[in-house]
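Structure assessment
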Amino acid sequence: MLLKHAVPRWQHISPLSQRRWATQTSQQPFPPAINEWSHPPSNATISDEEIYRLAAKPRRPLTLADLVRHGKPPLRDAALLSSANFTLSLLPSRLAHRIQALRNLPFIVVANPHVSKIYNNYLHSLSTLEPFYKKPIETIEEEIKFTDAMADLVRTHSNTIPTLAQGFLQCRKYIEPAEVTRFLDQHLRARIGTRLVAEQHLALHMASTGEAATHPPDPSHVGVIDLALRPADVVRQCEGFVAEVCELKYGVRPSLVIDGEVDAEFAHIPMHLEYIITELLKNAMRATIESGNEREAIEVTIASAPDVSTTKLDSLRKLSVTEANAFDFSQEGLDEYCSSPDVDVGPLNAAAPCITLRIRDRGGGIPPEALPNIWSYSFTTFDHEEAIEAADETGGSAGLNAISNSGTNQSSIAGLGYGLPLGRAYAEYFGGGIAVQSMYGWGTDVYLTLQGIGKMDDVKKSKNGFEE
Ligand code: ADP
Ligand code: MG
């Protein structure tokens, strides 16, 4: 049976009855049976049975090694097909699991227009994948169509974070803050992996077919991974952007010095590093300026663990198509892969480079009463009204870009309190972390640790990298 899904027509519910509903529903089982929901038109064609089936499948954590297993672009056709099938082996159950998680939110929350938009995006994306995952992709023509679907998926979900943030802000009367943090943490961490899988196939496809901006493909890149990423370069790039945001907002740009191992490089995902560093620099620059200490430079110190030897990095860079791991796409092969955390990651086991960055500011530190909350989504000491107004004026896009998912359009200095928790989620995804040390009255040190392409053991230790 084919059911249409969408969340209820919240628009017909007055705020008062929404509140009443919230109280009533807290005594009723959640979520209500799907057929009790009203169903505005939706283009999703996936059936409930299929969503349940997919959501019940085991999900295997993603490792950086998974992303390079098909080899270095340009990929031959067989490797490109293998990447497409690998991507398809992971995405449907991940999307279905997110749909289930959204359905498990209180009815009044999922009925919010912003949250329901995200819910419908997931249904839409899973529906567009359905024609592809029924049988393996065997021809390049099919692979091209699939890649188009991946591009659509990445586009559809690009504004998820600001949209969800706005939805949860509007629902804060109806749901406990701890529940919001739990949901968002799980959802956004899962999203990191899902996007990465899709973006990696897109990047491999483009680099292999000559559609990418750099042609021939940059030898230090395997899709979205840069095997020779220099943290110092990322810091300088993000500094330029954040300083400009400061100039617009406050009329000053704090200076920044980089010391330590400025030439260090490792294998990581530039997009992720840019997001984290932009957020940390925004916090440091805002505190520096607001405390009136803009003459004090922010200091970024880079350290790389002694075991980052060039030979290990060299062996990664030499990774070629012939070394790509063969992958068994039969159901048995997939089951085995999903249940075995110790999947052979070939030459990538060799290195676990680790980089630490310390971002030190003289911005006066964090007040003790704020400190316990800094890791909660939506906690901010920034003027809340200003952020919400900016978001509302532009239909939820401009002001909320502060928490967008890429490092390119985070155009507010602060606002919705997603910088630290989401930055930490990115860092932890591949076994790193963020620690904050505040000296109230003086300044703040933030330690960002990042694991490069590492050992499976290290990945297993990561908080959520192993969950989704
Ligand atoms: P936002 O920047 O949108 O407020 P964040 O999650 O980035 O959200 O930070 C949460 C809060 O933590 C900030 O509002 C601020 O009060 C505090 N904070 C974070 N970093 C610093 C810092 N370097 N110095 C002082 N306070 C900080
Ligand atoms: Mg911030």
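Read on for a plain summary of the structure. (Residues numbered from 1 in each chain as written. Chains lettered and ligands numbered in written order. Predicted model: local features only at pLDDT ≥ 70, side-chain atom pairs only at ≥ 80, totals over all residues. Heavy atoms only, no water.)

Before going further, it helps to examine the pattern of salt bridges. According to the stated counting rule, one finds 17 salt bridges in the structure shown. Of the charged contacts in the structure, one is a salt bridge between Lys134 and Glu50, with a shortest N-O distance of 3.4 Å. Of this pair, Lys134 sits in the loop between helix H6 (113-133) and helix H7 (140-156) while Glu50 sits in helix H2 (residues 48-56), and the two are 84 residues apart along the sequence. What makes Lys134 exposed here is its relative accessible area of 53%. Looking at Glu50, the relative accessible area reads 9%, which means it is buried. (Salt bridge = Lys/Arg side-chain N within 4 Å of Asp/Glu carboxyl O. Helix = DSSP H or I, 4+ residues; strand = E, 2+ residues; numbered from the N terminus. Buried < 20%, exposed > 50% of the residue type's maximum accessible area, 1.4 Å probe, protein only.)

Right, let's get into the sheet that holds strand E1 (residues 221-222). Where strands meet in a sheet, backbone hydrogen bonds hold them as pairs that are either parallel or antiparallel. Taken together, the 3 strands give an open sheet; going across it, the order is E1-E2-E4, and neighbouring strands pair in antiparallel fashion. Looking at the sheet topology across the chains shown, the edges are occupied by E1 and strand E4 (266-268). Note that strand E2 (residues 225-229) and E4 share 2 bridges and pair antiparallel. In the sheet register, Asp226 faces E4, and the bridge partner there is His268. (Pairing = 2+ DSSP bridges.)

Within the largest apolar cluster, 115 residues are counted, with the highest numbers of intra-cluster contacts made by Leu129, Phe168, Leu184, Ile276, Ile277, Leu357 and Leu448. Here this core gets 13 residues from one element, more than from any other, and that element is helix H4 (residues 77-103). Setting aside its immediate chain neighbours within four residues, Ile277 contacts Val234, Val235, Cys238, Leu357 and Leu448. (Core = buried A, V, L, I, M, F, W, Y, C linked by side-chain atoms within 4.5 Å. Contact = heavy atoms within 4.5 Å.)

As a structural note, the neighbourhood of ligand 1 is formed by 19 residues, with Asp361, Thr380, Thr381, Gly415 and Leu420 the closest of them. Take Leu420: an N or O atom from its main chain is 2.9 Å from an oxygen atom of ligand 1. Protein contact buries 94% of the 530 Å² of open area that ligand 1 shows by itself. Taken together, the elements giving at least two residues each to the shell around ligand 1 come down to helix H11 (270-290) and helix H15 (419-429). For the shell around ligand 1, the class distribution of residues is 9 nonpolar, 8 polar and 2 charged. (Near = heavy atom within 4 Å. Polar contact = N/O pair within 3.5 Å; in protein donor to acceptor, adjacent residues only side chain to side chain. Areas by Shrake-Rupley, 256 points an atom, 1.4 Å probe, with all protein chains shown as cover. Nonpolar A, V, L, I, M, F, W, Y, C, P; charged D, E, K, R; others polar.)

With that settled, the discussion passes to unusual backbone geometry. In most cases, non-glycine residues show a negative phi, while peptide bonds are predominantly trans. Cis geometry is adopted by the peptide bond preceding Pro74, which originates at Pro73 and carries an omega value of 5 degrees. Assignment of secondary structure puts Pro74 in the loop between helix H3 (64-68) and H4. One non-glycine residue, Ser378, lies in the positive phi region at around 85 degrees. For Ser378, the location among the structural elements is in the loop between strand E6 (354-361) and helix H14 (384-393).

So far we have only geometry, and geometry alone does not tell us how the molecule works.
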